[in-house]
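# Summary of the model geometry
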Amino acid sequence: MSSIAKNIRSGAGNNEPLDAIDERLLAALVDDARISNKQLAEMVGIAPSTALMRTRALSERGIIQGFEAKLSLSAIGRSVQALIAVRLRAHDREQIDRFTARVPKLPAVLSTFHTSGSVDYLLHIAVATTEDLRDWVLDNLATDPVVGHTETTLVFEHIQGNHCLLYTSRCV
């Protein structure tokens, strides 16, 4: 079992391990976070009060960190996606902190990854046009004195992976 799966099974640092019911609850919620508590209970085979209590406990333990709406980027006018590799000029704490405080909050940024290797950050952004992409990079990265180099890769298709890290046989 991977260390990620072990951490999830043990409650991410909590000594209380996940049982099969917790795992089924998580798999169902990953598949559809808007499922009603009644439907969730029926799907898992437990009483609605038990489903509610266990879901709250999973949230309190930090295993469930929140619920998000998945948006159709093309439907909201942001069909151009890109991954932007960013190398900083220097690696002092002040510059890193300034970059990480500013960039994730910029319009169009979907995700920010602080990475190891030849680049320091990988940004996933979505904009309306390739001209908007060019302008975004120029306005937000090329003019930033902390940024030493960027490399932009267009995303032709974003294929979601398996969001469930428990057991592949139980994940939808």
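The paragraphs below set out a description of the structure included in this document. Just so it is clear, the model here is predicted, and its values are computed rather than measured.

The four strands are arranged β2-β3-β1-β4 in an open sheet whose pairing can be described as antiparallel. The sheet is open, and its two borders are formed by β2 (109-114) and β4 (147-155), each paired with just one other strand. Put simply, the sheet's adjacent strands are angled 20° from each other on average, direction ignored. In this structure, strand β1 (residues 80-88) lies alongside strand β3 (residues 121-127), joined through seven bridges in antiparallel fashion.

With 21 residues, the main nonpolar core has Ile84, Val86, Phe99, Ile125 and Trp136 as its most contacted residues. Looking at this core, the elements with two or more residues in it are β1, α5 (93-102), β3 and α6 (130-142). At five residues, β1 tops the list of elements feeding residues into this core. By size, the runner-up hydrophobic cluster in this structure holds 14 residues, among which are Leu26, Ile35, Leu58 and Ile64.

As a further point, take the pattern of salt bridges. One side chain can pair with another of opposite charge once the charged atoms of both are near each other. In this structure the tally under the stated criterion is eight salt bridges. Across the pair Glu42 and Lys38 runs a salt bridge whose closest N-O atoms are separated by 3.7 Å. Here Glu42 pairs with Lys38, and both are found in helix α3 (residues 37-44), just four residues apart, close to one helical turn. In this structure, Arg102 and Asp144 form a salt bridge, with 2.5 Å as the shortest nitrogen-oxygen distance. Remark: Asp144 occurs in the loop between α6 and β4 and Arg102 occurs in helix α5; sequence separation between them is 42 residues. By relative accessible area, Arg102 is classed as partly exposed at 27%.

For Asp144, a relative accessible area of 5% gives the class buried. In terms of polar contacts, Asp144 uses its side chain to reach the side chain of Arg98, at 2.7 Å. Once residues within four sequence positions are removed from consideration, Asp144 is found in contact with Arg98, Phe99 and Arg102.

For the rest of this paragraph, the subject is α3. Regarding α3, the residues found buried are Leu40, Ala41 and Val44. For α3, the arc enclosing every buried residue in end-on projection is 100°, short of the 170-degree limit, so these residues lie on one face. What points out from α3, more than 90 degrees from its buried face, is the exposed set Lys38, Glu42 and Met43. Buried residues along α3 sit against α2 (20-31) and α4 (48-60).

The rules behind the values
- Residues numbered from 1 in each chain as written.
- Predicted model: local features only at pLDDT ≥ 70, side-chain atom pairs only at ≥ 80, totals over all residues.
- Heavy atoms only, no water.
- Pairing = 2+ DSSP bridges.
- Helix = DSSP H or I, 4+ residues; strand = E, 2+ residues; numbered from the N terminus.
- Axes fitted to C-alpha atoms, helices over the stretch in contact; angles between N-to-C directions.
- Core = buried A, V, L, I, M, F, W, Y, C linked by side-chain atoms within 4.5 Å.
- Buried < 20%, exposed > 50% of the residue type's maximum accessible area, 1.4 Å probe, protein only.
- Salt bridge = Lys/Arg side-chain N within 4 Å of Asp/Glu carboxyl O.
- Polar contact = N/O pair within 3.5 Å; in protein donor to acceptor, adjacent residues only side chain to side chain.
- Contact = heavy atoms within 4.5 Å.
- Arc of directions from axis to C-beta.

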